[in-house]
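Breakdown of the fold
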Amino acid sequence: MENDYRTVNFQRLSSVDSIVSDDSCEYYQTDIYEQLPSSLSRRRCQYIDQAQEDDDYEDFEYVSLLNRDWSSTQPLKMLPLSLQEKKEIREKRNQERLSISPWKAWRQNQQISRRRLREQLERFFSGLLPWKRTLCKIEGGFGVGVKAYFVFLRYLLCLNLLNCVIITGSVLIPSLIVENTSIPWYRSQDNDSVLDIFLGSGFLERSPVFYKFYKYKALGPICLNTSLLFFAGMVSVLILSLIMIVHRTVVGYKHTWLTGSSFTGNMSKKVFCGWDFCIQDAQTASLKHSFIRNELKMDLEEERFRLKVSQRTLKQWVVLCFLRTSLNFLVLLLLGGSFALIYFASEASQKKRVHWTLNLFWEYLPPITITLVNVLLPQLFNTITAFEDYSLTTQLNLTLVRSIFLKLASLGIFLFFLIRKPTAGKCDETEFGKEMYKLTVFHLLACVCNVLVAYPRTLLVEKCPSSKLAKMVGKPEFVIPLNVLDLVYSQTVIWVGVFYCPLLPAISILKLLAIFYMTKFTLVRCCVPAQRMFRTTSSSVLFNFMLLLGLIMSAVTLVININRFESGQCGPFICENSVFNVTSKCVEMLPLPAQTAVRYITSEAFAFALILAEAIILTSFVSRGTANRKAIERLKDMLIMCSSDKRFLVKHHSTLVRRQKKVLKT
């Protein structure tokens, strides 16, 4: 009984048991309200007019949040309410359906049916995504960063698949239908050999893989021909790639902006709400444990680095700035030397040798040089970044920026050499496509060599763990930035060469499938989990932004090549003075007002008006983003104040209970 009496009762005191009068109780409540942290914060902001306006807006938002009507057709599972409140809302909705008109009830039912159908379609199409279970296993064993690499690879695979469908329908099928050559391209000739697969010559040069295969042919109407379909298909590929990449970049940036740079607020969510109670398999539960543990590791690493930065002195900052400047100068020297090496290798590759082995080596000298530079220098960049004392996320992004600049610039140096190379008088477009084809083939061979090196290295460590060589070599780690940049470089090569090698996206699909299974084998069988966990929320945005840079680079290269190559030598534009003239006949067939409209759309005046409209739209979106950012900050402050008020009220309530007990004892 004594223990029961000593337990604290947190229920509200009745008016009979209370020893405080009504006047004193009203005064006490007013005094408590004035002492709340939110009230104190509001009084501090009253001296500033702008802050006063913000407080009024917060009060309005808070009242509107309390008085929000949840009787709409929003799903109950999406409402931030308790189960009892959701039951009440469901009963209220059922009663409202009985009182509304039949037309409104039918519209609400149709809206609910469309929403459910959309959700079912989303679940259906998400189930069609390949390697879903495999990616879950990779996420549990190696973290979300490694999973992001494979998701990025799958995204590129789907993108190339869509491009391949467009090229097949608009380029390949019309050309195969109208083909009337006396000698089929697949019939072998005397000079064909196995090396044609690696060099893109012989039967492969005569095949639909390269630009030379496609010829001009009318398909009925005057303006409908194979050259127009070829041009429309290639432009559609570039526009589709641009739309998908911009959409993915914007969605990723919005997610990064909403989550912000603070990770401490998500710690309790991951600990108490991170478990999936639908899991019934022991292996799946173990993977979920590993995933949560890896997430907490990343959070703790970020917090540890923030604490370290806050304790730096002025001397340490000065020394660190000098060290970072010196290391950046070293990075610039390495980049300049690698670019000069690639240019000299491209010049040396133009010399022809008699023996086929030497000829094959010199043909592949630029891809070999580019691959070696792209393999060795990012490793040095990764080591240099570790000495610059950045956070793990910043190290990842900085290594990504340096490495992608190296990869895109090395490809740009090679393209610059090809553009400056004098024309040989034959089909120069096909020769340009061959160079991109060789870069693609050699990238696949480099991935195969990576597996052939990693597996014996792992066997050495497993069979002879006590040897000095095994301890020095060790098992490899899966470096996320370098592997992602390989995919960005590979996709940029595809975009650069797709106009002169139309089946390059189909070749890329086969290559990405091979890379996925080879990388999965290397990761699961040969690699060890990384000692440092990386957060890829902001890095995924950087991946897509680098893809966008590669697409822009390919579009610029295409425009330069179109103006450089002379028309009429080979390909579907043999009857046109320029590639851009393929639509002139179709425009001439239009009525006069339509021709005037088309000419205005393609003029500089319309381009200026379009740029001005885009600037106005972007300015409005930036203003809305700034306003939304301020609103989110105010809502965060409201949540903090609510938590402070609750702690303050609980403290005062416990004080009041203790005082009441003392009075009762006396």
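Conventions used here
- Residues numbered from 1 in each chain as written.
- Predicted model: local features only at pLDDT ≥ 70, side-chain atom pairs only at ≥ 80, totals over all residues.
- Heavy atoms only, no water.
- Helix = DSSP H or I, 4+ residues; strand = E, 2+ residues; numbered from the N terminus.
- Buried < 20%, exposed > 50% of the residue type's maximum accessible area, 1.4 Å probe, protein only.
- Contact = heavy atoms within 4.5 Å.
- Areas by Shrake-Rupley, 256 points an atom, 1.4 Å probe, with all protein chains shown as cover.
- Core = buried A, V, L, I, M, F, W, Y, C linked by side-chain atoms within 4.5 Å.
- pLDDT = per-residue confidence, 0-100.
- Patch = residues over 30% accessible without salt bridge, like charges linked within 9 Å, V, L, I, M, F, W, Y side chains within 5 Å.
- Salt bridge = Lys/Arg side-chain N within 4 Å of Asp/Glu carboxyl O.
- Lys, Arg positive; Asp, Glu negative; His and termini not counted.
- Charge placed at Lys NZ, Arg CZ, Asp CG, Glu CD.
- Axes fitted to C-alpha atoms, helices over the stretch in contact; angles between N-to-C directions.
- Parallel < 35°, antiparallel > 145°, perpendicular 65-115°, else oblique.
- Expected span 1.5 Å × (residues − 1).
- Bend = angle between axes of the 7 residues up to and from the residue.
- 1 Å grid on protein atoms, 1.4 Å probe; cavity = no way out; pocket = protein on both sides within 12 Å on 5 of 7 lines; lining within 4 Å.
- Points joined across faces, edges and corners; volume = space filled by probe spheres on them.
- Nonpolar A, V, L, I, M, F, W, Y, C, P; charged D, E, K, R; others polar.
- Phe/Tyr/Trp six-rings, centres within 6.5 Å; stacked < 30°, edge-to-face > 60°.
- Left-handed = near helix turned anticlockwise from the far one by under 90°.
- Disulfide = S-S within 2.5 Å.
- Polar contact = N/O pair within 3.5 Å; in protein donor to acceptor, adjacent residues only side chain to side chain.

Section: the overall build of the chain
When its secondary structure is counted, the chain shows 25 helices and 0 strands. Taken across its 666 residues, the chain has 37% of its residues classed as buried. Long-range pairs, those at least 24 residues apart, make up 75% of the contacts in the chain with a sequence separation of at least 6. When the accessible surface of the chain is totalled, it reaches about 40,300 Å², and 64% of it is carbon and sulfur.

Structural notes on the nonpolar core
Ranked by internal contacts, the top residues of the largest apolar core, which has 93 residues, are Met-436 and Phe-499. The greatest single-element share of this core, amounting to 13 residues, is contributed by helix α8 (residues 144-177). Not counting chain neighbours up to four residues away, the residues in contact with Met-436 comprise Phe-414, Leu-415, Leu-418, Val-493, Val-496, Gly-497 and Leu-504.

As for the confidence of the model for the chain
Averaged over all residues, the pLDDT of the chain equals 77, while 79% of them reach at least 70. Confidence, expressed as mean pLDDT per element, reaches its minimum in the chain at helix α1 (residues 2-6) with 41 and its maximum at helix α21 (residues 504-526) with 91. Within the model, the stretch residues 1-30 combines pLDDT values under 50 with 15 contacts to residues more than four positions away or in other chains.

A closer look at a positive patch on the surface
Residues Lys-104, Arg-107, Arg-114 and Arg-118 make up a contiguous surface patch of positive charge. Topologically, Arg-118 is positioned in helix α6 (residues 102-128). When its relative accessible area of 46% is taken as the criterion, Arg-118 is described as partly exposed.

Regarding the packing of helix α14 (residues 314-348) against helix α16 (residues 365-387)
Axis angle and axis distance: for two packed helices, these are the angle between their axes and the distance between the axes, and together they describe the pair. Interhelical geometry of α14 versus α16 gives an angle of 175° and a closest axis separation of 10 Å. Comparing their axes, α16 and α14 come out roughly antiparallel. When α14 is examined against α16, the residues Leu-323, Leu-327, Leu-330, Val-331, Leu-334, Leu-335, Ser-338, Leu-341, Ile-342, Ala-345, Ser-346 and Ala-348 are found in contact with a partner set consisting of Leu-365, Pro-366, Thr-369, Ile-370, Val-373, Leu-377, Leu-380, Phe-381, Ile-384 and Phe-387.

Examining the pattern of salt bridges
Applying the stated rule across the entire model yields 12 salt bridges. Two residues, Arg-115 and Glu-119, come together in a salt bridge whose shortest N-O distance is 3.9 Å. In this pair, Arg-115 and Glu-119 both sit in helix α6, 4 residues apart, roughly one turn of the helix. According to the relative accessible area criterion, Glu-119 is partly exposed, its value standing at 23%. We note a salt bridge from Arg-525 to Glu-462, for which the minimum N-O separation is 2.8 Å. Taken as a pair, Arg-525 in helix α21 and Glu-462 in helix α18 (residues 428-463) lie far apart in primary sequence, 63 residues in all. Among the ionic contacts, a cluster of salt bridges with common partners joins Glu-205, Glu-431 and Lys-434.

Points about α8
An ideal rise of 1.5 Å per residue puts 50 Å on 34 residues; α8 measures up with 48 Å between its terminal C-alpha atoms. Considering bend angle alone, the principal kink of α8 is centred on Thr-168 and spans about 45°.

Points about unusual backbone geometry
Positive phi, close to 60°, is recorded for Asp-389, a residue that is not glycine. Mapped onto the fold, Asp-389 is located in the loop between α16 and α17 (392-420).

Structural notes on the environment of Phe-565
Counting through the fold element by element, Phe-565 comes out in the loop between α22 (537-564) and α23 (584-588). Residue Phe-565 is classed as buried on the basis of its relative accessible area of 8%. Each C-alpha atom, one on Phe-565 and one on Cys-427, is 9.1 Å from the other, the two residues being 138 residues apart in sequence. Not counting residues up to four positions away in its chain, the partners in contact with Phe-565 are Asp-428, Glu-429, Phe-432 and Tyr-500.

What about the layout of surface pockets?
For the second largest pocket, the calculated volume is near 930 Å³. Lining of the second largest pocket is provided by 31 residues; of these, Val-375, Gln-379, Asn-450, Asn-483 and Asp-486 occupy positions nearest its centre. Those elements giving two or more residues to the lining of the second largest pocket turn out to be α16, α18, α20 (480-497) and α21. When residues in the lining of the second largest pocket are grouped by element, the largest group, 9 residues, is from α18. Of the residues belonging to the lining of the second largest pocket, the class tally is 19 nonpolar, 8 polar and 4 charged.

Description of the packing of aromatic side chains
In the structure shown here, the tally under the stated rule is 24 aromatic pairs. Consider the rings of Phe-150 and Phe-516, whose centres lie 5.4 Å apart with planes at 85°: the pair is edge-to-face. Linking Phe-150 in helix α8 with Phe-516 in helix α21, this pair joins segments that are 366 residues apart in sequence. A relative accessible area of 0% means that Phe-150 is categorised as buried. A network of ring pairs unites the aromatic residues Tyr-211, Phe-213, Tyr-214, Phe-230, Phe-432, Phe-499 and Tyr-500 as a single cluster.

Here's the deal with the environment of Ile-562
Mapped onto the secondary structure, Ile-562 falls in helix α22. Note: C-alpha distance between Ile-562 and Phe-499 (63 residues apart in sequence) is 10.0 Å.

Things to note about a nonpolar patch on the surface
Taken together, the side chains of Leu-117, Leu-121, Phe-124, Phe-125 and Leu-128 present a nonpolar region at the surface, about 530 Å² in accessible area. Assignment of secondary structure puts Phe-124 in helix α6. By relative accessible area, which is 48% here, Phe-124 ends up partly exposed.

Quick word on the packing of α20 against α21
Following both chains from N to C, one finds α20 and α21 inclined at 160°, their axes separated by 9 Å at the closest point. Here α21 runs roughly antiparallel to α20, going by the angle between their axes. Seen along the crossing, α20 lies across α21 with a hand that is right-handed. Here α20 contributes Leu-487, Ser-490, Gln-491, Val-493, Ile-494 and Gly-497 to the contact with α21, which in turn contributes Leu-504, Pro-505, Ser-508, Lys-511 and Leu-512. Residue composition of the contact of α20 with α21, by class: 6 nonpolar, 4 polar and 1 charged.

Here we look at the state of the cysteines
Tallied over the full model, the rule gives 0 disulfides. Looking at the unpaired Cys-526, the closest cysteine sulfur is the one in Cys-527, lying at 6.4 Å.

Quick word on the environment of Lys-147
Structurally, Lys-147 is set in helix α8. Looking at Lys-147, the relative accessible area reads 22%, which means it is partly exposed. Counting along the chain gives 10 residues from Lys-147 to Lys-137, while the straight-line C-alpha distance between them is 9.0 Å. Leaving out residues up to four positions away in the same chain, Lys-147 has contacts with Leu-135, Ile-138 and Glu-139.

Section: the side chain of Asn-160
Summarising the element assignment, Asn-160 is placed in helix α8. Among the polar contacts listed, one links the side chain of Asn-160 to the backbone oxygen of Leu-156, at a separation of 2.7 Å. Non-local contacts of Asn-160, meaning those with residues more than four positions away in its chain, are made with Gln-491, Ile-494, Pro-505, Ser-508, Ile-509 and Leu-512.

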